[in-house]
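Spelled out, the chains give:
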Amino acid sequence: MKKICYILFMLFSFVACNEDVFENHPPRLVVEGWIDDGGFPVVIVTESVPISSQYADISTLNDRVIKWAKVTVSDGVDEVILTGKTNSSYFPPYIYTTSHLRGESGKRYKLTVSYEEHFVEAETEIPERVYVERFITDNSDGNYNLKAVINDNPDEKNYYKFFVRMIDRDSMYLSSNMAVVDDANFEFPLEVPISIGKSIQNKEDDDYQLDGSEMLLVKFTQTDSIAYNFWNEYKNYIEVGQNSIFRYTNNVYSNIKGGLGYWFGYGATQYLCQPYNHDTPKIIN
């Protein structure tokens, strides 16, 4: 049995993979949305896919993209209708965004999406921006391993998440899978391994190992408990999904009321890194 499914459709739609249990399940809106401190909102809207034993080519998932939704974001003062447009840097290659509203730390942002009979909404707050103390590399095992050293304010409750983009391969940031941190579970300063993100469009690179020559963009974010819960469940899903003996049956957390998916705010700092270059990575935002 073989399936190729867009990762969020898998995360939010499936319970079992050996029967066509969702053949008659009504579709729901699936939202992927985020807004960084200093960045513009980005929202992808799709329709949930019933999981079946039938092979589904990745190209058919584009049929599930919703291109005529009304998507709005409000900061409590201004409400902006986002513009839908094709953008090949993302998958699926269609996003809703605007240049008329920029994220600010400490503000709350409400997202609404309406399409035909569907209406979904969510709220998020952008935490304060955070910074990596330093990056370290080693190649003792023959491959280059990149780690970020981060510190934490013991008087605050904080959650952290890393994303990474390999410039020559990736067109967008991908989750650095192990790099999700609840400060209650670790002692600081903490060395966090930065792994290359996995993309459905680059399945052949699933086991990619750095050789040191790559140029990487690393995004270090502070987020809230809601986003932490989602990305921690995502990490567990990926880890168990690689084991053919076990199946992951937990429902992945969603903060979208009336639908599936996520809408998260990030206090984000982006770095340009090259593993073999020991110069201080450059902050690019």
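Cut-offs applied
- Residues numbered from 1 in each chain as written.
- Predicted model: local features only at pLDDT ≥ 70, side-chain atom pairs only at ≥ 80, totals over all residues.
- Heavy atoms only, no water.
- Pairing = 2+ DSSP bridges.
- Helix = DSSP H or I, 4+ residues; strand = E, 2+ residues; numbered from the N terminus.
- Axes fitted to C-alpha atoms, helices over the stretch in contact; angles between N-to-C directions.
- Buried < 20%, exposed > 50% of the residue type's maximum accessible area, 1.4 Å probe, protein only.
- pLDDT = per-residue confidence, 0-100.
- Contact = heavy atoms within 4.5 Å.
- Salt bridge = Lys/Arg side-chain N within 4 Å of Asp/Glu carboxyl O.

(A) Broad picture of the sheet that holds strand β7 (residues 108–115). Reading across from one edge, β4-β3-β7-β8 is the order of the four strands in this open sheet, with antiparallel pairing throughout. Two strands lie at the open edges of the sheet, namely β4 (79–81) and β8 (118–125), each paired on one side alone. Here the average twist between neighbouring strands, direction ignored, is 15 degrees.

(B) Local environment of the pairing of strand β14 (residues 216–223). The buried fraction of β14 is high, at eight of eight residues. Residues L216, V218, F220 and Q222 line one face of β14 and the alternating positions L217, K219, T221 and T223 line the opposite face, and both faces are buried. As defined by bridge partners, strand β11 (residues 159–166) adjoins β14 across eight bridges and the pair is classed as antiparallel. The residue bridging Y160 from the neighbouring strand is Q222, located in β14. Where β14 lies against strand β15 (residues 260–273), seven bridges are found, and the strand directions are antiparallel. Residue pairing across strands places V218 opposite Y271, the latter belonging to β15.

(C) Quick look at unusual backbone geometry. Along the chain, F91 connects to P92 via a cis peptide bond; the corresponding omega equals -5 degrees. Within the fold, P92 resides in the loop between β5 (83–86) and β6 (94–97). Cis geometry marks the peptide bond from F188 to P189, where omega comes out at 0 degrees. Checked against the element boundaries, P189 lands in the loop between β12 (174–182) and β13 (190–194). Here E116, not a glycine, exhibits a phi torsion of approximately 50 degrees, which is positive.

(D) Region of the structure containing the confidence of the model for the chain. Taken residue by residue, the chain gives an average pLDDT of 82. The fraction at 70 or more is 77%. Every residue in residues 13–22 scores below 50 in pLDDT, and together they form 24 contacts with partners more than four places removed in sequence or on other chains.

(E) Representation of the pattern of salt bridges. Considering all chains together, one arrives at 13 salt bridges under this definition. Among the salt bridges present, the one from R64 reaches E47, with a minimum N-O distance of 3.4 Å. Separated by 17 residues along the polypeptide, R64 in the loop between β2 (42–47) and β3 (70–74) and E47 in strand β2 bring together distant segments of the chain. For R64, a relative accessible area of 24% gives the class partly exposed. Between D170 and R169 there is a salt bridge whose closest N-O contact spans 2.5 Å. Look at D170 and you get buried, because its relative accessible area is 6%. When its relative accessible area of 16% is taken as the criterion, R169 is described as buried. Overlapping salt bridges, with partners in common, bring together D75, E104 and K107 in one network.

(F) Spotlight on the environment of G258. The residue G258 is located in the loop between α2 (225–241) and β15 in this model. Classification of G258 as exposed rests on a relative accessible area of 56%. Apart from the residues lying within four places of it in its own chain, the contact partners of G258 are R28, F119 and V120.

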